[in-house]
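Each chain is listed here by its residues.
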Amino acid sequence: MVAIAILAAGKGTRMKSTLPKVLHTLGQKTLVERVLDTAQALAPEREIVIIGYQAEAVRSSLSHRSVEFVEQTVQLGTGHAAQQLLPVLKGFVGDVIILNGDAPLLRPSTLELLLKTHQDNGNSATILTAQLAQPKGYGRVFCDEKGYLTEIIEDRDCTPAQRENRRVNAGIYCFRWQDLEQALPKLTTDNDQKEYYLTDAVNFLKPVMVMDVADEAEITGINDRKQLSDAYALLQDRIKTEWLLKGVTIVDPVSVTIEDTVTLEPNVIVEPQTHLRGTTTIGAGSRIGPGSLIENSVIGENTTIQFSVVTDSTVESGSTVGPYAHLRAAAVVGEGCRIGNFVELKNAQIGPGTNAAHLTYLGDATLGKQVNIGAGTITVNYDGRNKHRTVIGDRTKIGANNSLVAPLTIGSDATTAAGSTIVEDLPNDCLAIARARQVVKEGWKPQD
Ligand code: UD1
Ligand code: CA
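Along each chain, numbering runs from 1 in the same order as the chain's sequence is written. Each chain takes a letter, starting from A, and each ligand takes a number, starting from 1, following the order in which they are written. Only residues with pLDDT of 70 or above have their local features reported here, since the model is predicted, and side-chain atom pairs are shown and tallied only from 80 upward, although totals for entire chains, interfaces and linings are computed over all residues. The basis for the side-chain values is all heavy atoms of the structure; hydrogens and waters are excluded.

The next thing to look at is the domain arrangement of the protein chain. Throughout the structure description, domain borders are defined by an automatic or database domain assignment. The domains assigned to the protein chain are domain 1 (2–219) and domain 2 (245–432). A C-alpha centroid distance of 48 Å is found between domain 1 and domain 2. Facing four residues of domain 1, the contacting portion of domain 2 comprises four residues. Interface of domain 1 and domain 2: buried area, both sides summed, is about 290 Å²; carbon and sulfur atoms make up 34% of it. Buried area: the accessible area, evaluated with a 1.4 Å probe, that two parts lose upon being put together, summed over both parts. When the area that domain 1 buries against domain 2 is broken down by residue, the three leading residues are Q28, K29 and R34, summing to 90%. Salt bridges are identified by distance alone: a Lys or Arg side-chain nitrogen within 4 Å of an Asp or Glu carboxyl oxygen. At the junction of domain 1 and domain 2, the tally comes to one salt bridge. What makes two residues a contact is simply this: any of their non-hydrogen atoms within 4.5 Å.

Here we take up the coordination of the calcium ion (ligand 2). Of the protein atoms, only D102 (OD) and N223 (OD1) coordinate the calcium ion (ligand 2), at distances of 2.4 to 2.5 Å. You can see D102 sitting in the loop between strand 6 (95–100) and helix 5 (108–120) and its partner N223 sitting in the loop between strand 11 (208–212) and helix 8 (225–245), a full 121 residues away along the chain. N223 shares its class with D102; the two are buried. Note on donors: an N, O or S atom is included if it sits within 2.8 Å of the metal, or within 3.2 Å for Na, K and Ca, and water is never included, so sites can look incomplete. Every helix listed is a DSSP run of H or I at least four residues long, and every strand listed is a run of E at least two residues long, numbered separately from the N terminus. Relative accessible area decides the class of each residue, using a 1.4 Å probe on protein chains only: under 20% of the type maximum gives buried, over 50% gives exposed, and in between gives partly exposed.

A few words on helix 5. Under the 1.5 Å per step criterion, the end-to-end length of helix 5 is 18 Å for 13 residues, consistent within 8% with the ideal 18 Å. For helix 5, the complete set of buried residues consists of T110, L111, L114, L115, T117 and H118. Taken around the axis of helix 5, the buried residues stretch over an arc of 160°, which confines them to a single face. The first or second residue beyond helix 5 is G122, which carries a positive phi of 60°. An expected span of 1.5 Å times one less than the residue number is assigned to each helix. What the arc measures is the spread of directions leading from the helix axis to the C-beta atoms.

A word on unusual backbone geometry. Trans is the common state for peptide bonds, and a negative phi is the common state for residues other than glycine. With an omega dihedral of 0°, the bond running from G322 to P323 counts as a cis peptide bond. Locating P323 in the fold gives a position in the loop between strand 24 (320–321) and strand 25 (326–328). A cis amide bond links A406 to the next residue, P407, at an omega of 5°. One can find P407 in the loop between strand 33 (403–405) and strand 34 (408–410). The backbone phi angle of A330 is positive, close to 60°, even though this residue is not glycine. Mapped onto the elements, A330 comes out in the loop between strand 25 and strand 26 (332–333). Its identity as a non-glycine residue notwithstanding, D429 has a phi of 50°, on the positive side. Within the element layout of this structure, D429 appears in the loop between strand 36 (421–422) and strand 37 (431–432).

Here you go:
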């Protein structure tokens, strides 16, 4: 049996924040949620989050997940946090993985390897470590000549000579619970911070093995906002490298951000200054950017989206969007459409082969196929109280600068004259002219 326990009770003083540290976000996810996601690789029987500082905020941020919470009402250190497990894991037989809630870059494969190393060697504890060029701030890990761990000393408790040791504690541990259960009550506060240190538990356990992580970026602990932004850069680098190796072109990676919830097909080209977020997927051969933000949207194959913002929307294959278009609130653009400059679509479904190429607002609208919307046309969808729908049939041509006053249904193969304000439904196959006739007064001059 495997239980995981995440230490998430600390305030995170160095963040200088009103938010508990573990609720800061890296990408769209909180630190604690990332740690929980990583731990899923072990398919643990128990998932416990130790909360304390702003416990309710941390608890409610995780209310959609099936985790157990244990409260550490005063924060007397990581060892004290682990002591809170004593009543809840009473009688538990198996291994407990304890993870700091502030180390969000750990890979699931590393955690699996840690558990395997622990179990294959019959260890009492196995501690994830790394050899860092800049070990400052981390607890130093000391081993005997056989490679077994002898002690962990916090940076602030080290002598200058001890501080030279570059092997650090990642804050990610695997313990045989029956052994840790015996060790936890023996912890003392005999250190610079006068706290109970979980790391001191190793003094009562044998054998304790260390496992150096291959990629040291994985153990990055976040204590302040500089480290949070560094972690973001590391995460971005990891995500972009993965996509580059899978056959996605990213023209200028430093100016691009891609969240780890995004899916890209091969031969996608991501142009500079482009940001892909949420549950977005981009189909093969599409060119996104420069200068675009795509969030929670599905983009088909061979599309082009330039200098545009697309949120919660769908763009089907072969369509072009932008420059300077805004698609939002479940807009759906069918295949082979052209949504051009300064066009906004809100909750609008656009049939295949339809064009709205210039200066248009289509809100709460359903358009058929091969419709053409003239430049400067808008749906008048809001009467000050309620929103109303506009429906336009196949192959209809709306002239330039029309106001389509909803609720409104326009048939197929209809044409409206430029400058019309259409307030009444139109049948199929008609021409509608709804504007004042031009009056010309010949020879007229202004009076002095
Ligand atoms: C800890 C380790 C250090 C290691 C480093 C890795 C100890 C004593 N030291 O130091 O060896 O190199 O992590 O990043 O464990 N927490 C609680 N309750 C508390 C105190 C802390 O739940 O009373 C939680 C925090 O919310 C945080 C985690 O424990 O998620 C680590 O606490 P933090 O204060 O950041 O420990 P470090 O000083 O970084
Ligand atoms: Ca830390």
